[in-house]
Amino acid sequence: MKKLLFIFTLCLCTIGISWGQTVFFSETFGSVSATTSIATHETNNGFDNDDATFTGTADIRNTNPSSGYTGASGLANVFFTNTVGKYLLIEGINSSSYSNISMSLGHHKSTTAGNNELSIQVSSDGNNWTTLSYSRPTGTGTAVWLLITPSGTIPAAQNLRIRFTQTSTGPQFRIDDIKLTGTAASTPTITVNPATLSGFSYVQGSGPSSEKTFTVQGSNLTADINITVPTSPAQHYEISKTSGGTFSSSLTLTQSGGTVSETTIYVRLKAGLSAGDYNNETITVSSTGATSK
C-alpha cells in the first residue's frame, strides 16, 4: 500500500516557508533494496502519492541517501546518470486550490563544476512547459546534497505536471524530498438561518399567506448569491427582500468584495392555491463554488 499524504498548514517560518503556506504535495520516493526502475517502483506502490503518476527513464536508488538539510528523508532518491534525456515526469498533482505556489527539493550533484544542468519544468496541460530557475554553488565542497527552491511561476491546475530532465553529459544528479507549498484559497461560504421554516398553511381564497423570514449571508464569494423557489410541479412560494414588497420566484443578492452582509428574506405562499399545508418544498440558496443551502 502507498503511504497516505496528509495536507497540513505550517505555523513556523524557520524552514523558509511563509506564514499561511500549506504543503499540499510531498514526495520522499520511499525505499528500495536495489536499483529500481520508475515503472517498477510505480507498480510496487513505492511512491508516497496514490493520486499522482510517475514515469521516466531515470531510476530509484538507496545509494548516497539525502542528508545535510532539514527534512532529508535519507532513503530512496531519483538518480539521473550523465546521459542526456534521462527524465522523471510527475503528473496528476492537483494544485488548483492554491496560489503563490513554490517548490523545494533535495538536489545532489556529482561534480563541483555542476550547476543547474538538471532541468526542472512545470506544465498545466502537458504541452506548454515553463522552466524553473535555480543555481548551485561551484567549487570545492559543493558536490553535496543541498535544499533548493527553484524560482518561476508554478501554475494552479487540476493536473499539474513536473518534469526533471538531464541536459548534460557532465555531472550526475539526484533528487529527493519534493515539496509544493501554496496559499490555500478561501472557500466560498453561504450561511442560512434558520435552515427550516414551517407553518405554511393556506386557506382557499384568503390571498397570500402571512410572511415568514430567514437570513442569508455569504463570505469569500466569487459570484452573487441566487435564491430560487421550486416551480415544479407548480410554484407555491414567493420571496422578497422587503416585507410587503414585490414578491417573485427568484432573488439575487449582490456580493461586494466577496461578501454578502446578513440579509433578511421574506417568504410566503402565493395567492390562488388550494387549501392545505405546504411545508415540504425547498428554497435553494446558491453561489458559484459554495455549498448550496
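Structure shown above.
So, a few notes on the structure that sits alongside this text. (Residues numbered from 1 in each chain as written. Predicted model: local features only at pLDDT ≥ 70, side-chain atom pairs only at ≥ 80, totals over all residues. Heavy atoms only, no water.)

### Some details on the packing of aromatic side chains
One pass over the full model with this rule turns up 5 aromatic pairs. Between the aromatic rings of F29 and F47, the centroid separation amounts to 6.2 Å while the plane-to-plane angle is 75°, which identifies the pairing as edge-to-face. In this pair, F29 sits in the loop between β2 (21-27) and β3 (36-37) while F47 sits in the loop between α1 (38-43) and β4 (53-56), placing the two residues 18 residues apart along the sequence. For the residue pair F29 and F47, the accessibility class agrees, reading buried in each case. What links up through ring pairs into an aromatic cluster is the set F29, F47 and F54. We note K212 situated over the ring of F200; from NZ or CZ to the ring centre the distance is 5.9 Å. Across the ring face of F247, the terminal group of R268 is positioned such that the distance to the ring centre comes to 3.8 Å. (Phe/Tyr/Trp six-rings, centres within 6.5 Å; stacked < 30°, edge-to-face > 60°. Helix = DSSP H or I, 4+ residues; strand = E, 2+ residues; numbered from the N terminus. Buried < 20%, exposed > 50% of the residue type's maximum accessible area, 1.4 Å probe, protein only. Lys NZ or Arg CZ within 6 Å of the ring centre and 35° of its normal.)

### Digging into unusual backbone geometry
Cis geometry is adopted by the peptide bond preceding P194, which originates at N193 and carries an omega value of -5°. One can find P194 in the loop between β14 (189-193) and β15 (201-202). A cis geometry characterises the amide bond from S232 onward to P233, with omega recorded as 5°. Relative to the elements of secondary structure, P233 occurs in the loop between β17 (225-228) and β18 (237-240). With a phi angle near 55°, D177 is a residue other than glycine that sits in the positive phi range.

### Here's the deal with the sheet that holds β17
Pairing is antiparallel across the open sheet formed by 3 strands, whose spatial order is β19-β17-β22. Edge positions in the open sheet fall to β19 (250-253) and β22 (284-286), since each of these has one partner strand only. Each neighbouring strand pair of the sheet contributes to a mean axis angle of 15°, computed without reference to strand direction. Both β17 and β22 contribute to a ladder of 3 bridges, which runs antiparallel. Bridging across to β22, N226 finds its partner in S286. (Pairing = 2+ DSSP bridges. Axes fitted to C-alpha atoms, helices over the stretch in contact; angles between N-to-C directions.)

### What to know about the pairing of strand β12 (residues 160-166)
Extensive coverage of β12 is indicated by the burial of 6 of its 7 residues. Bridging between strand β7 (residues 87-93) and β12 involves 5 bridges; their strand directions are antiparallel. For I90, the partnering residue across the bridge sits in β12 and is I162. The sheet contact formed by strand β9 (residues 118-123) and β12 spans 6 bridges and is antiparallel. Directly across from Q121, in β12, lies its bridge partner R163.

### Examining the nonpolar core
Note that soluble globular proteins tend to have their nonpolar side chains buried in a common cluster. The biggest cluster of nonpolar side chains holds 34 residues, and the ones touching the most others in it are L88, M103, F164 and I175. Of all the secondary-structure elements, those providing two or more residues to this core are β2, β6 (77-80), β7, β8 (98-109), β9, β12 and β13 (173-184). Here L88 is in contact with F29, I38, F54, T55, G56, V78, F80, I162, R163, F164 and I175, once residues within four sequence places are set aside. In this structure, F214, V216, L221 and V260 belong to the second largest nonpolar core, which totals 22 residues. (Core = buried A, V, L, I, M, F, W, Y, C linked by side-chain atoms within 4.5 Å. Contact = heavy atoms within 4.5 Å.)

### Considering the side chain of N77
Its place among the elements puts N77 in strand β6. Using a relative accessible area of 0% as the deciding quantity, one classes N77 as buried. Polar contacts involving the side chain of N77 include one to the main-chain carbonyl oxygen of T63, which spans 3.2 Å. With sequence-adjacent residues up to four places away left out, N77 is seen in contact with D59, I60, R61, T63, N64, P65, S66, W145, R174, I175 and D176. (Polar contact = N/O pair within 3.5 Å; in protein donor to acceptor, adjacent residues only side chain to side chain.)

### What to know about the sheet that holds β12
Strand-to-strand pairing in sheets goes through backbone hydrogen bonds, with the strands running parallel or antiparallel. The 5 strands are arranged β4-β7-β12-β9-β10 in an open sheet whose pairing can be described as antiparallel. Of all the strands in the sheet, the pair left with one neighbour each is β4 and β10 (130-131).

### Let's talk about the pattern of salt bridges
A full pass over the atoms with the stated rule returns 3 salt bridges. Note that R161 and E91 form a salt bridge whose closest N and O atoms lie 3.8 Å from each other. With R161 in strand β12 and E91 in strand β7, this pair connects stretches of sequence that are 70 residues apart. In this structure, the salt-bridge partner of E238 is R268, at a minimum N-O distance of 2.6 Å. With E238 in strand β18 and R268 in strand β20 (residues 260-269), the pair connects residues that are 30 residues apart, well separated along the chain. Neither E238 nor R268 differs from the other in exposure class; each is buried. (Salt bridge = Lys/Arg side-chain N within 4 Å of Asp/Glu carboxyl O.)

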